[in-house]
Amino acid sequence: EPEVTQTPSHQVTQMGQEVILRCVPISNHLYFYWYRQILGQKVEFLVSFYNNEISEKSEIFDDQFSVERPDGSNFTLKIRSTKLEDSAMYFCASRGLAGGPNEQFFGPGTRLTVL
Amino acid sequence: AQSVTQLDSHVSVSEGTPVLLRCNYSSSYSPSLFWYVQHPNKGLQLLLKYTSAATLVKGINGFEAEFKKSETSFHLTKPSAHMSDAAEYFCVVSAPTGTASKLTFGTGTRLQVTL
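As a starting point, this report considers the structure included with it. (Residues numbered from 1 in each chain as written. Chains lettered and ligands numbered in written order. Predicted model: local features only at pLDDT ≥ 70, side-chain atom pairs only at ≥ 80, totals over all residues. Heavy atoms only, no water.)

## Regarding the overall build of chain A
Stage number 1. A tally of regular secondary structure across chain A gives 0 helices and 11 strands.
Stage number 2. Helices and strands appear in chain A in the N-to-C order β-β-β-β-β-β-β-β-β-β-β.
Stage number 3. The principal-axis extents of the C-alpha atoms in chain A amount to approximately 40 × 30 × 30 Å.
Stage number 4. When each of the 115 residues of chain A is scored for burial, the buried share is 47%.
Stage number 5. Long-range pairs, those at least 24 residues apart, make up 55% of the contacts in chain A between residues at least 6 apart in sequence. (Helix = DSSP H or I, 4+ residues; strand = E, 2+ residues; numbered from the N terminus. Buried < 20%, exposed > 50% of the residue type's maximum accessible area, 1.4 Å probe, protein only. Contact = heavy atoms within 4.5 Å.)

Right under this line is the structure:
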């Protein structure tokens with residue numbers, strides 16, 4: 001069964017450093033998403049991506065964040081200068097064909113720890 | 001705008017007894033509704049979804065949910081709890097089928113199952 005994969009599973013970084021979180025969505029999906037979950041809190045939407053551009057973003061997704069689909073298979077989230085409060089579990093999700101059911105399939109997550 | 005309210009942050013049941021996890025939604029259009037489950041240190045798995053077809057929705061592992069528009073509710077039930085059901089459960093709302101819309105998560109209900 002196809003699944004969303006994410007690497008790494010755990011990333012530790014120093015405050016101010018850049019990190020790139022990687023995701024491989026399900027191969028025929030068209031919509032891509034990043035969410036995050038700060039420890040003990042609910043899952044929050046960050047950004048959605050469709051047709052090689054951002055379709056929606058939350059207030060959390062400021063200029064420090066960017067997304068890219070560099071090669072038609074990977075979908076990346078970059079944080080340019082990490083802050084302590086960026087420590088969270090980051091989930092990638094993908095969704096299928098336009099007009100189809102809007103359920104999203106989630107990856108296992110990347111736990112980002114900013115020291 | 002859309003939101004969900006999970007009425008209980010923590011539910012504890014005995015193995016073999018029924019499970020009820022409550023969710024109320026708010027949406028300015030006919031929503032899609034989901035329940036996702038998150039086991040410890042795992043990703044998010046879709047349990048079931050409502051997308052304006054049958055109001056009683058059956059999911060995996062014996063779970064089901066009933067969409068009640070008059071009550072704006074989408075409670076999750078299971079007739080008989082199993083130890084393996086212990087996890088965090090999220091009620092989720094989305095815009096209707098066919099859009100790129102984000103998922104909006106509730107705050108989660110932690111289900112504890114005791115012997």
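## Some thoughts on unusual backbone geometry
Excluding glycine, a negative phi dihedral is what most residues carry, and trans is how most peptide bonds are arranged.
Stage number 1. The amide bond that connects A:Thr7 to the next residue, A:Pro8, takes the cis arrangement and shows omega of -10°.
Stage number 2. Mapped onto the fold, A:Pro8 is located in the loop between strand E1 (5-7) and strand E2 (10-13).
Stage number 3. Despite not being glycine, A:Asn52 has its phi angle at roughly 65°, a positive value.
Stage number 4. By the element assignment, A:Asn52 lies in the loop between strand E5 (43-50) and strand E6 (53-57).
Stage number 5. A positive phi angle is found at B:Asn61, which is not glycine, with a value near 60°.

## Quick word on the state of the cysteines
Residues and elements named next belong to chain A.
Stage number 1. Applying the stated criterion to the full structure yields 2 disulfides over all chains.
Stage number 2. A sulfur-sulfur separation of 2.0 Å characterises the disulfide bridge that pairs Cys23 with Cys92. Here Cys23 and Cys92 share a disulfide; its torsion about the S-S bond, -65°, makes the bridge left-handed. Placement of Cys23 in strand E3 (residues 19-24) and of Cys92 in strand E9 (residues 88-95) is noted, with a sequence separation of 69 residues between them. (Disulfide = S-S within 2.5 Å.)

## A word on the interface of chain B and chain A
Stage number 1. Each side of the interface is counted separately: chain B has 24 residues, and chain A has 21 residues.
Stage number 2. The contact between chain B and chain A buries some 1800 Å² in all, and 54% of this surface belongs to carbon and sulfur atoms.
Stage number 3. Run the count over chain B and chain A and you get 2 salt bridges.
Stage number 4. With a closest N to O distance of 2.1 Å, A:Glu103 and B:Lys49 form a salt bridge.
Stage number 5. Linking chain B with chain A are 4 residue pairs in polar contact (both at pLDDT 80 or more), by the criterion used here.
Stage number 6. Elements represented by at least two residues in the side of chain B that touches chain A include exactly strand E5 (32-38), strand E6 (44-50), strand E10 (87-94) and strand E11 (103-105) of chain B.
Stage number 7. When the residues that make up the side of chain B that touches chain A are grouped by side-chain class, the tally is 10 nonpolar, 11 polar and 3 charged. (Buried area = accessible area lost by both parts, 1.4 Å probe. Salt bridge = Lys/Arg side-chain N within 4 Å of Asp/Glu carboxyl O. Polar contact = N/O pair within 3.5 Å; in protein donor to acceptor, adjacent residues only side chain to side chain. Nonpolar A, V, L, I, M, F, W, Y, C, P; charged D, E, K, R; others polar.)

## Describing the nonpolar core
Residue and element names in this part refer to chain B.
Stage number 1. Membership of the largest hydrophobic core comes to 26 residues, with the highest contact counts inside it found for Trp35, Leu48, Leu76 and Tyr89.
Stage number 2. Considering each element in turn, this core owes the most residues, 4 residues, to E10.
Stage number 3. If we ignore the near neighbours within four places in the chain, the residues touching Leu76 are Val19, Leu20, Leu21, Trp35, Leu47, Leu48, Phe63, Glu64, Ala65 and Tyr89. (Core = buried A, V, L, I, M, F, W, Y, C linked by side-chain atoms within 4.5 Å.)

What is shown is where atoms sit, not what they do.
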